[in-house]
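# Chains, contacts and geometry: an overview
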Amino acid sequence: MVKRFSVAEATDDFSRVLHDAEAGATVELTRRGLVVAALLPRAQYELSVPKPPMFWERFEQFRRDFDLAELGIEPEVWEGVRDRSPGREFSW
């Protein structure tokens with residue numbers, strides 16, 4: 001269901017507009033009769049906004065796209081980069 005409010009109406013009674021969106025309605029905001037913005041229920045918003053890829057997905061894509069040997073980067077360049085020490089002692 002779509003509800004439509006002018007910007008002036010939405011400003012005067014924003015709590016009602018927000019309640020309508022929380023209840024599942026898409027709320028269109030108009031200025032001089034033209035839709036200028038929309039307020040969506042959260043579930044609909046989350047479906048419409050792409051999630052950024054996680055680090056591991058980006059890393060795997062990088063590994064598929066680039067051959068380090070072909071770029072002249074030898075595996076030895078990564079030697080000693082990671083600290084393999086057990087870390088500091090800790091107690092609660």
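About the thresholds
- Within every chain, residues take consecutive numbers counted from 1 along the sequence as written.
- Given that this is a predicted model, residues contribute local features only at a pLDDT of at least 70 and side-chain atom pairs are listed and counted only at 80 or more, while totals for whole chains, interfaces and linings are drawn from all residues.
- Side-chain figures throughout are based on the complete set of non-hydrogen atoms in the structure, without hydrogens or water.
- A pair of strands counts as paired when DSSP detects no fewer than two bridges linking them.
- Under the scheme used here, helices are H or I runs from DSSP no shorter than 4 residues and strands are E runs no shorter than 2 residues, and both carry numbers assigned from the N terminus.
- For every element, the axis is a line fit to its C-alpha atoms; helices are fit only across the contacting stretch, and the angle between N-to-C directions ranges from 0 to 180 degrees.
- Should a side-chain nitrogen of Lys or Arg be within 4 Å of a carboxyl oxygen of Asp or Glu, the pair is scored as a salt bridge.
- Relative accessibility under 20% of the residue-type maximum defines a buried residue, over 50% an exposed one, and the middle range a partly exposed one, all with a 1.4 Å probe and only protein chains included.
- Residues count as neighbours in contact if any of their non-hydrogen atoms are within 4.5 Å of one another.
- Here a pair means two rings of Phe, Tyr or Trp (six-membered ring of Trp) with centres within 6.5 Å. Their orientation is stacked below 30 degrees between planes, edge-to-face above 60, and tilted elsewhere.

### A short note on the pairing of strand β3 (residues 34-39)
- Two strands pair when backbone bridges link them, and strand β2 (residues 26-31) and β3 are joined in this way by five bridges, in the antiparallel orientation. Note that in β3 the partner of Glu28 across the bridge is Ala38.
- Taken together, β2 and the strand that follows it, β3, pair antiparallel across an intervening segment of two residues, in which Arg32 is found at a positive phi of about 55 degrees.

### Notes on the sheet that holds β3
- With mixed pairing, the three strands of this open sheet are ordered in space as β1-β2-β3. Across the chains shown, the open sheet's two edge strands, defined by having one partner strand only, are β1 (2-6) and β3. Strand-to-strand twist of the sheet, defined as the mean angle between neighbouring strand axes without regard to direction, takes the value 30 degrees.

### Side note on the pairing of β2
- Pairing analysis gives five bridges linking β1 to β2, with the strands arranged parallel. Bridging across to β2, Val2 finds its partner in Thr26.

### What to know about the pattern of salt bridges
- Following the criterion strictly, the structure yields five salt bridges and no others.
- Residue Arg63 is joined to Glu60 by a salt bridge in which the shortest nitrogen-to-oxygen separation is 3.5 Å. One end of the pair is Arg63 and the other is Glu60, both in helix α4 (residues 55-65) and three residues apart, which spans about a single turn.
- In this structure Glu60 comes out as partly exposed when scored by relative accessible area, which is 23%.

### Points about the environment of Ala25
- Among the structural elements, Ala25 can be located in the loop between α2 (14-22) and β2.
- Residue Ala25 is classed as buried on the basis of its relative accessible area, which comes to 4%.
- When residues no more than four places from it in sequence are discounted, the contact partners of Ala25 are Met1, Lys3, Asp20, Leu39 and Pro41.

### Examining the packing of aromatic side chains
- By the definition in use, this model includes four aromatic pairs.
- Aromatic side chains Trp56 and Phe59 sit 5.3 Å apart centroid to centroid with 40 degrees between the ring planes, which places their arrangement in the tilted category. On the criterion of helical spacing, the pair formed by Trp56 and Phe59 is a turn pair, its members being three residues apart in helix α4.
- Residue classification places Phe59 among the partly exposed positions, given a relative accessible area of 29%.

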